[in-house]
Amino acid sequence: MVTAFDRGSFGRQRYEDTGGFSERVVFTRRIAKVVKGGRRLRFNALVVVGDGEGQVGAGLGKALVIPDAVRKGNAIARAGTIRVPLKGSTIPHMITVKKGATIVIIKPAREGTGVIAAGAMRAILELAGVKDVVGKTLGSRNPINIVHATLEALRQLRDPEKELARRAAAMAAPAAAPGGGRR
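Within any chain, residue numbers begin from 1 and follow the written order of that chain's sequence. Local features in this predicted model are restricted to residues of pLDDT 70 or higher, and side-chain atom pairs are both shown and tallied only at a pLDDT of 80 or more, whereas totals for entire chains, interfaces and linings draw on every residue. As a rule here, side-chain values come from all non-hydrogen atoms in the structure, and water together with hydrogens is ignored.

Moving on to the overall build of the chain. Starting at the N terminus, helices and strands are each numbered in turn, a helix being any DSSP run of H or I of at least four residues and a strand any DSSP run of E of at least two. Tallying secondary structure elements over the chain gives four helices and eight strands in all. When each of the 183 residues of the chain is scored for burial, the buried share is 33%. When checking whether two residues touch, look at their non-hydrogen atoms; a contact exists if any pair is within 4.5 Å. Here the contacts in the chain between residues at least 6 apart in sequence split such that 55% fall between residues at least 24 apart. Looking at the chain as shown, the accessible area adds up to about 11,600 Å², and 54% of this sits on carbon and sulfur atoms. In this scheme, a residue with accessible area under 20% of its type's maximum is buried, one over 50% is exposed, and one in between is partly exposed, where area comes from a 1.4 Å probe on protein chains only. Values of accessible area rely on a 1.4 Å probe in the Shrake-Rupley scheme; residue burial ignores everything except the protein chains shown.

Each patch is built from residues that are more than 30% exposed by relative accessible area and take part in no salt bridge. Like charges join if they lie within 9 Å; nonpolar side chains (Val, Leu, Ile, Met, Phe, Trp, Tyr) join within 5 Å. Should a side-chain nitrogen of Lys or Arg be within 4 Å of a carboxyl oxygen of Asp or Glu, the pair is scored as a salt bridge. For this count, His and the chain ends are skipped, Lys and Arg are scored as positive, and Asp and Glu as negative. To locate a charge, take atom NZ for lysine, CZ for arginine, CG for aspartate or CD for glutamate. A cluster of basic residues, Arg29, Lys33, Arg40, Arg42, Lys62 and Lys72, forms a positive patch on the protein surface. Taken together, the elements giving at least two residues each to the positive patch come down to strand S1 (22–35) and strand S2 (38–50). With respect to the element layout, Lys72 can be found in helix H1 (residues 66–79). Residue classification places Lys72 among the partly exposed residues on the basis of a relative accessible area of 37%.

Below, the discussion takes up the side chain of Asp132. You can see Asp132 is positioned in the loop between helix H2 (119–128) and strand S8 (133–139). One buried charged residue, Asp132, remains without a salt bridge, the closest side chain of opposite sign being Lys131 at 8.3 Å. Residues contacting Asp132, with those up to four places away along its chain left out, are Ser89, Thr90, Ala109, Arg110, Glu111, Gly112, Thr113 and Gly114.

Pasting the structure below:
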């Protein structure tokens, strides 16, 4: 039996460490550059990776063939992963982000609701490990812009308890030195 890691003595052997990440190719497109001899074709692949436990990233790989573009997108996505604060199976609070011409609205939902979002946003939320959420995109429906806007929204999420502790510490620091430490 030949597995993905053992291809026998033929072909190029690939040993990939997934590191607990799952990948999903959200979008591919063919780019044609017109040159003197005809058209020169290239491919883009938008890849989203996540561990299902709060880490997610996205990358846009470009190459002459789709498998290489996917591999490059995967490497870029892994390098740019972010941590998403989860509150049970949903997100801590509602958030709206405008990135380019795309507006993304992500709302927490009750347990059992599931992921109510389409296409590119669904891929990111599922791979981030969010189980119950409602998402809506307005404006541009370009998958690349939607992915970037969704990642920015998830990056801006804050855990309420940690944020309150941070604000309390910030308020306590100036109060510790009477007169602000000036003479």
